[in-house]
Amino acid sequence: QVQLVESGGGLVQAGGSLRLSCAASGSIISMNAMGWYRQAPDKQRELVATIRSGSSTSYADSVKGRFTISRDNAKNTVYLQMNSLKPEDTAVYYCNALILSSGFDLRNYWGKGTLVTVSS
């Protein structure tokens, strides 16, 4: 059974920084594309950033230049460094990963989310 667990959320003032982590555990053979999504109150979940197995990255326009996604394949972990945070970044942040697990089962997994609150 594969699990994704996020950490690093919290309350921060506007202009501050947070670093989110998402660790995958279980019978993992390989981790392919990984990403971070967020969902603000009364809004749809939106893609924030993705990183492929070759480490190429992409970002939502709203976070370009402020957020950086990275991964540590040895630790099965993906990170999201968030700088210059704004109140509109307030949301629950979810980790997502396409993982090949034992039995050559390829699936898309989600974490349960971590809350980021940015005060003005």
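Just above sits the structure.
Asker: Would you take a moment to explain the layout of surface pockets for this structure?
Answerer: One way to see where empty space is left: roll a probe the size of a water molecule over the atoms. Reported here for the largest pocket is a volume of approximately 180 Å³. Lining the largest pocket we find Arg 38, Gln 39, Ala 40, Lys 43, Gln 44, Glu 46, Ser 62, Arg 66, Glu 88, Asp 89, Thr 90 and Ala 91. Residue composition of the lining of the largest pocket, grouped by class: 2 nonpolar, 4 polar and 6 charged.

Asker: Please clarify how the packing of aromatic side chains should be interpreted in this entry.
Answerer: What characterises a pair of aromatic rings is the spacing of the ring centres plus the angle enclosed by the ring planes. Across all of its chains, the model carries 1 aromatic pair by this definition. In this structure, Arg 19 packs its charged tip against the face of Tyr 79, placed 4.0 Å from the ring centre. The cationic tip of Arg 45 hangs over the ring face of Trp 110; the distance from NZ or CZ to the ring centre is 4.7 Å.

Asker: Help me out: how do you make sense of the sheet that holds strand β1 (residues 3-7) in this one?
Answerer: In any sheet, the strands associate via hydrogen bonds between backbone groups, in a parallel or an antiparallel arrangement. In space, the 4 strands of this open sheet follow the order β1-β3-β8-β7, with antiparallel pairing throughout. Either end of the sheet is taken by a strand with one partner, and the two such strands are β1 and β7 (67-72). Averaged over all pairs of adjacent strands, the angle between their axes in this sheet comes to 15°, without regard to strand direction.

Asker: Please explain the state of the cysteines as it appears in this structure.
Answerer: Where two cysteines share a covalent bond between their sulfur atoms, that bond is called a disulfide. Inspection of every chain in the model, using the stated rule, returns 1 disulfide. What pairs with Cys 22 in a disulfide is Cys 95, and their sulfur atoms sit 2.1 Å apart. Taking the sign of the S-S torsion, -80° for the link of Cys 22 and Cys 95, the bridge is left-handed. Residue Cys 22 is found in strand β3 (residues 18-25), and its partner Cys 95 is found in strand β9 (residues 91-101); the two are separated by 73 residues along the sequence.

Asker: Explain the pairing of β7 here, please?
Answerer: Sheet faces and side chains relate simply in a regular strand, where the side chains alternate between the two faces. Side-chain alternation along β7 places Phe 67, Ile 69 and Arg 71 on a buried face and Thr 68, Ser 70 and Asp 72 on a face that remains uncovered. One ladder, built from 6 bridges, connects β7 with strand β8 (residues 77-82); its direction is antiparallel. What sits directly across from Arg 71, in β8, is Val 78. Where β7 folds back onto β8 in an antiparallel hairpin, the turn is made up of 4 residues, including Asn 76, whose phi is positive at roughly 50°.

Asker: Looking at this structure, how should I read the nonpolar core?
Answerer: Side chains that are nonpolar tend, in soluble globular proteins, to be buried together. Counting residues in each nonpolar core, the largest one holds 31 residues, and the members touching the most others are Trp 36, Leu 80, Met 82, Tyr 93 and Ile 99. Among the elements of the structure, β3, β4 (28-39), β5 (46-51), β7, β8, β9 and β11 (114-119) are those that each provide at least two residues to this core. Examining the composition of this core, we find that 5 residues originate from one element, β9, more than from any other. Those residues within four positions of Leu 80 in sequence are excluded, and the remaining contacts are Leu 18, Arg 19, Leu 20, Trp 36, Val 48, Ala 49, Phe 67, Thr 68, Ile 69 and Tyr 93.

Conventions we followed
Residues numbered from 1 in each chain as written. Predicted model: local features only at pLDDT ≥ 70, side-chain atom pairs only at ≥ 80, totals over all residues. Heavy atoms only, no water. 1 Å grid on protein atoms, 1.4 Å probe; cavity = no way out; pocket = protein on both sides within 12 Å on 5 of 7 lines; lining within 4 Å. Points joined across faces, edges and corners; volume = space filled by probe spheres on them. Nonpolar A, V, L, I, M, F, W, Y, C, P; charged D, E, K, R; others polar. Phe/Tyr/Trp six-rings, centres within 6.5 Å; stacked < 30°, edge-to-face > 60°. Lys NZ or Arg CZ within 6 Å of the ring centre and 35° of its normal. Pairing = 2+ DSSP bridges. Helix = DSSP H or I, 4+ residues; strand = E, 2+ residues; numbered from the N terminus. Axes fitted to C-alpha atoms, helices over the stretch in contact; angles between N-to-C directions. Disulfide = S-S within 2.5 Å. Buried < 20%, exposed > 50% of the residue type's maximum accessible area, 1.4 Å probe, protein only. Core = buried A, V, L, I, M, F, W, Y, C linked by side-chain atoms within 4.5 Å. Contact = heavy atoms within 4.5 Å.

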